[in-house]
Amino acid sequence: MQLALNEAQQAYDREEVPVGAIIVRAGSIIGRGFNQTESLKDPTAHAEILAITAAANTLEDWRLTDCYLYVTKEPCPMCAGAIINSRIKMVVFGCYDVEKGCCGSLYELCGDPRFGKPTAVKGGILEKPCLGIIQDFFMNRRRS
């Protein structure tokens with residue numbers, strides 16, 4: 001999760017909402033990403049989507065079975081859908097998102113067996129630093 005936080009810091013430094021993600025397979029990082037919606041002018045440029053794209057390019061396969069996604073904030077509906085479609089084995093996230101989180105807070109898309117084999121989910125890992133960087137970002141934005 002610390003490596004995902006490093007990715008989130010890159011987003012923070014670029015004035016993007018600080019969310020970072022990495023994808024690991026067999027102990028190696030095969031994809032990474034941080035939010036870039038503002039700089040890319042792309043509403044789909046979330047950390048998870050960019051990490052999934054990078055991992056798929058690394059493997060030359062869209063099927064990310066046996067892969068683990070570490071992300072600093074609970075995935076939104078769009079990202080949860082991409083996680084399900086890419087067949088990621090497990091999502092590990094930092095802070096919960098009670099407004100848009102779809103891995104347990106608002107909805108549980110990843111664990112819903114109606115979408116096929118459920119994706120395992122574990123939340124609250126390094127929750128305080130993951131939440132802290134987001135809170136700091138928005139407090140600084142309100143001051144400006």
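Residues numbered from 1 in each chain as written. Predicted model: local features only at pLDDT ≥ 70, side-chain atom pairs only at ≥ 80, totals over all residues. Heavy atoms only, no water.

**Observations regarding the overall build of the chain**
Here is step 1 of the chain: Along the chain, the regular secondary structure elements total 5 helices and 5 strands.
Here is step 2 of the chain: Ordered by position from the N terminus, the helices and strands of the chain form the series α-β-β-α-α-β-α-β-β-α.
Here is step 3 of the chain: Over its C-alpha atoms the chain spans a radius of gyration of 14 Å, differing by no more than 12% from the 15 Å that the globule rule assigns to 144 residues.
Here is step 4 of the chain: Considered along the principal axes of its C-alpha atoms, the chain spans approximately 45 × 30 × 25 Å.
Here is step 5 of the chain: Here the chain, with 144 residues, has 42% of them falling under the buried criterion.
Here is step 6 of the chain: Within the chain, contacts between residues at least 6 apart in sequence are counted, and of these 56% link residues at least 24 apart. (Helix = DSSP H or I, 4+ residues; strand = E, 2+ residues; numbered from the N terminus. Rg over C-alpha atoms; globule rule 2.2 N^0.38 Å. Buried < 20%, exposed > 50% of the residue type's maximum accessible area, 1.4 Å probe, protein only. Contact = heavy atoms within 4.5 Å.)

**A look at the nonpolar core**
Here is step 1 of the chain: Among the nonpolar cores identified, the biggest contains 36 residues, and I23, I52, L64, L69, V71, I83 and I88 are the most heavily contacted of them.
Here is step 2 of the chain: Of all the secondary structure elements, the ones that give two or more residues to this core are α1 (2-13), β1 (20-25), α3 (47-59), β3 (67-73), α4 (77-86), β4 (90-95) and α5 (127-143).
Here is step 3 of the chain: Setting aside residues no more than four positions away along its own chain, L64 makes contact with I23, I52, A55, A56, L59, S86, R87, I88 and K89. (Core = buried A, V, L, I, M, F, W, Y, C linked by side-chain atoms within 4.5 Å.)

**Considering the sheet that holds strand β5 (residues 120-122)**
Here is step 1 of the chain: Taken together, the 5 strands give an open sheet; going across it, the order is β2-β1-β3-β4-β5, and neighbouring strands pair in mixed fashion. Either end of the sheet is taken by a strand with one partner, and the two such strands are β2 (28-34) and β5. Across the sheet, the axes of successive neighbouring strands diverge by a mean angle of 15 degrees, strand direction being ignored.
Here is step 2 of the chain: In terms of strand pairing, β4 meets β5 through 3 bridges, oriented parallel. Across the sheet, V91 pairs through a bridge with V121, a residue of β5. (Pairing = 2+ DSSP bridges. Axes fitted to C-alpha atoms, helices over the stretch in contact; angles between N-to-C directions.)

**Thoughts on α5**
Here is step 1 of the chain: Its 17 residues give α5 an end-to-end C-alpha distance of 24 Å, which sits within 8% of 24 Å, the value for a rise of 1.5 Å per residue.
Here is step 2 of the chain: Buried residues along α5 sit against α1, β3 and β4. (Expected span 1.5 Å × (residues − 1).)

**Topic: the packing of α3 against α4**
Here is step 1 of the chain: At a minimum axis separation of 9 Å, α3 and α4 run at an interaxial angle of 20 degrees. The pairing of α3 with α4 is recorded here as roughly parallel in orientation. Note that α3 runs across α4; the crossing there is left-handed. Taking contact as the criterion, the partners of E48, I49 and I52 in α3 are, on α4, M78, C79, A82, I83 and S86.
Here is step 2 of the chain: Grouping the amino acids of the contact of α3 with α4 by side-chain chemistry returns 6 nonpolar, 1 polar and 1 charged. (Parallel < 35°, antiparallel > 145°, perpendicular 65-115°, else oblique. Left-handed = near helix turned anticlockwise from the far one by under 90°. Nonpolar A, V, L, I, M, F, W, Y, C, P; charged D, E, K, R; others polar.)

**Regarding the state of the cysteines**
Here is step 1 of the chain: Taken as a whole and assessed by the stated rule, the structure comprises 0 disulfides.
Here is step 2 of the chain: Its sulfur unpaired, C67 is 14 Å from the next cysteine sulfur, which belongs to C110.
Here is step 3 of the chain: Accessibility expressed as a relative area gives 0% for C67, which makes it buried.
Here is step 4 of the chain: This cysteine, C130, is not joined by any disulfide, and C95 carries the nearest cysteine sulfur, 5.8 Å off. (Disulfide = S-S within 2.5 Å.)

**A closer look at α3**
Here is step 1 of the chain: Compared with an ideal rise of 1.5 Å per residue, which puts 13 residues at 18 Å, α3 spans 18 Å between its outermost C-alpha atoms and is within 8% of the ideal.
Here is step 2 of the chain: Along α3, the positions that sit buried rather than exposed are A47, E48, I49, A51, I52, A55 and A56.
Here is step 3 of the chain: The inward-facing, buried residues of α3 abut β1, β2, β3 and α4.

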